[in-house]
Amino acid sequence: MSSAAADPSALEGFWAVIPAGGAGTRLWPLSRRTSPKFLRDLTGSGRSLLQETHERLAPLAEDRFLVVTGRPHRSAVAEQLAVLDDDAIVAEPSARDSMAAIGLAAAVLERRDPDAVMGSFAADHVIADPEAFRECVRTAVRVAREGWLVTLGIEPTFASSAFGYVHLGEELPGHPGVASVREFVEKPSTEVAAAYLTTGRYRWNAGMFVVRPTVLLDLLATWHPEFAAALRTIAAEPGRLDELWPDLPKIALDHAVAEPAADAGRVVTVPSTFGWDDIGDFDSLATLLDALREESDSVTVLGDEALVRAVDSTGLVVPRSKRVVAVVGLEDVVVVDTPDALLVTTRARAQDVKAVVTGLTADGRTDLT
């Protein structure tokens, strides 16, 4: 049991589900299939993003955790979260997107704790104000107990085209500040996002959901009955995981459940201002690190600063090869130096790093991806 087990702020019957997947291809070569970003310390805290996520949720969940990860990462997850019991880590045979991962956790919890409320929070997010985050989760849990699918809607700080949006409706009676969700909106253009912000009725969709497991699976059964049935079968007969898993649909929870449920009036949101980032690329990582150190007029270093020599330059340098990296006269540069691969780009082109991984994969260079 975690050291936070006696915390008076713990929520009875609340389970924290942590989907720990994805390769973080836009953070290559720092993040790879064998060592994805959630296992990395990307904030300079001395803890991985996964460990920070667990630490953030432990005061609410005590030792009630389910981490869903890929089989290749199970041992690393267990090592980083040694406080958890073995049955708190569920290993997927292969990546099937978020609905399968979170749905399997729901099916397991439906049998383990029928009155539970689960909250799903990705392993690779960064939260600026953990206590404000926990207060939003407390509100979400109260609402979820009434049968709603609840999402945390993040207050936008700029007109981002990299995130989806939640369109707020009317306030939920009896729950001040909680709003119905009219619709989930796919990633818009910057111009459309700017128009959203002027209305004050849109929030970023961070993929954070709080719901009773049975409610989630019953919603899934409404639109994908065979999918829900297969997940419940796996939970009842774990030995059939390898048999049934490959045939599960590869679809995100947003598309499988959240969007149609919003259209059906079953989704509400807790507007949130706790500061959030999913570190999707090196530009967002540089922005985050600049905010943490409260300056951005020189090169930001993630790692051993003694290995970096910067002259009249700005940007981000990640020295991971034990050799000196010198940057002279460059603005908003990104340099990531690892023992077997070197990335040099700009913050403005950080989203395009994924294309390098795509090319390497096509060339069969899986040793580098």
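All values reported here derive from a predicted model rather than from experimental measurement.

A separate point is the overall build of the protein. A tally of regular secondary structure across the protein gives eleven helices and 17 strands. Taking 21 Å as the expected radius of gyration for a compact globule of 369 residues, we find that the protein reaches 21 Å, a close match to that expectation. Expressed along its principal axes, the backbone C-alpha trace of the protein runs to roughly 60 × 50 × 45 Å. Here the protein holds 369 residues, and the buried ones make up 53% of them. Sequence separation of at least 24 residues holds for 66% of the intrachain contacts in the protein that already meet a minimum separation of 6.

In this section: the pairing of strand E9 (residues 202-211). By the criterion of burial, E9 is predominantly enclosed, with nine of the ten residues buried. Here strand E4 (residues 117-120) runs beside E9; their pairing, made up of three bridges, is antiparallel. When the sheet's bridge partners are listed, Ser120 is paired in E9 with Phe209. Across four bridges, the pairing between strand E6 (residues 149-154) and E9 is antiparallel. Looking at the pairing, Val150 lines up with Val210 of E9. Pairing of strand E7 (residues 164-171) with E9, which is carried by four bridges, proceeds in the antiparallel orientation. When the bridges of E9 are listed, Val166 appears paired with Arg203.

Further remarks concern the confidence of the model for the protein. Low pLDDT marks regions whose predicted coordinates should not be analysed in detail. When pLDDT is averaged across the protein, the result is 94; 97% of the residues are at 70 or more. Confidence drops under a pLDDT of 50 for residues 1-5, and excluding neighbours within four residues, the segment shows ten contacts in the predicted structure.

The tally for this structure, following the rule as stated, stands at 20 salt bridges. Notably, a salt bridge pairs Arg232 with Glu110, separated by 2.8 Å at the nearest N-O pair. Linking Arg232 in helix H7 (residues 225-236) with Glu110 in helix H3 (residues 97-112), this pair joins segments that are 122 residues apart in sequence. On the accessibility criterion, Arg232 (26% relative accessible area) is partly exposed. Here Glu110 falls in the buried class, since its relative accessible area comes to 18%.

What follows deals with H3. Helix length check: H3, at 16 residues, gives a terminal C-alpha distance of 23 Å against a target of 22 Å (1.5 Å per residue), a fit within 8%. Buried residues of H3: Met99, Ala100, Ala101, Ile102, Gly103, Leu104, Ala105, Ala106, Ala107, Val108, Leu109 and Glu110, and no others.

Once that is clear, we can look at the pairing of strand E14 (residues 315-319). Taking burial as the measure, the five residues of E14 include five buried ones, the bulk of the element. What you see with E14 is no split at all: Gly315, Val317 and Pro319 on one side and Leu316 and Val318 on the other are buried throughout. Examined bridge by bridge, strand E12 (residues 299-301) and E14 share three bridges and lie parallel to one another. Counterpart to Val301 in the pairing with E14 is Val317. Two elements, E14 and strand E16 (residues 333-337), share five bridges in a ladder whose sense is parallel. If you follow Pro319 over to E16, its bridge partner there is Asp337.

What counts, and at which threshold
For every chain, the first residue of the written sequence is number 1, and numbering continues from 1 along that sequence. Since the coordinates come from a predicted model, pLDDT governs what is reported: local features require at least 70, and pairs of side-chain atoms require 80 or more to be given and counted, while whole-chain, interface and lining totals use all residues. For side-chain calculations, the full set of non-hydrogen atoms in the structure is used, while hydrogens and water are omitted. Secondary structure is summarised from DSSP: a helix means a run of H or I of at least four residues, a strand means a run of E of at least two, and numbering begins at the N terminus for each. Our radius of gyration is a C-alpha quantity, and the globule rule it is checked against amounts to 2.2 Å times the number of residues to the power 0.38. Buried, partly exposed and exposed residues are distinguished by accessible area as a fraction of the type maximum, computed with a 1.4 Å probe on protein chains only: under 20%, between the cut-offs, and over 50%, respectively. Pairs of residues are marked as contacts when any of their non-hydrogen atoms sit within 4.5 Å. When DSSP finds at least two bridges between two strands, those strands are taken to pair. Scored from 0 to 100, pLDDT reflects the predictor's confidence in each residue. Counted as salt bridges are all cases of a side-chain nitrogen of Lys or Arg within 4 Å of a carboxyl oxygen of Asp or Glu. For a helix, the expected span equals 1.5 Å multiplied by the number of residues minus one.

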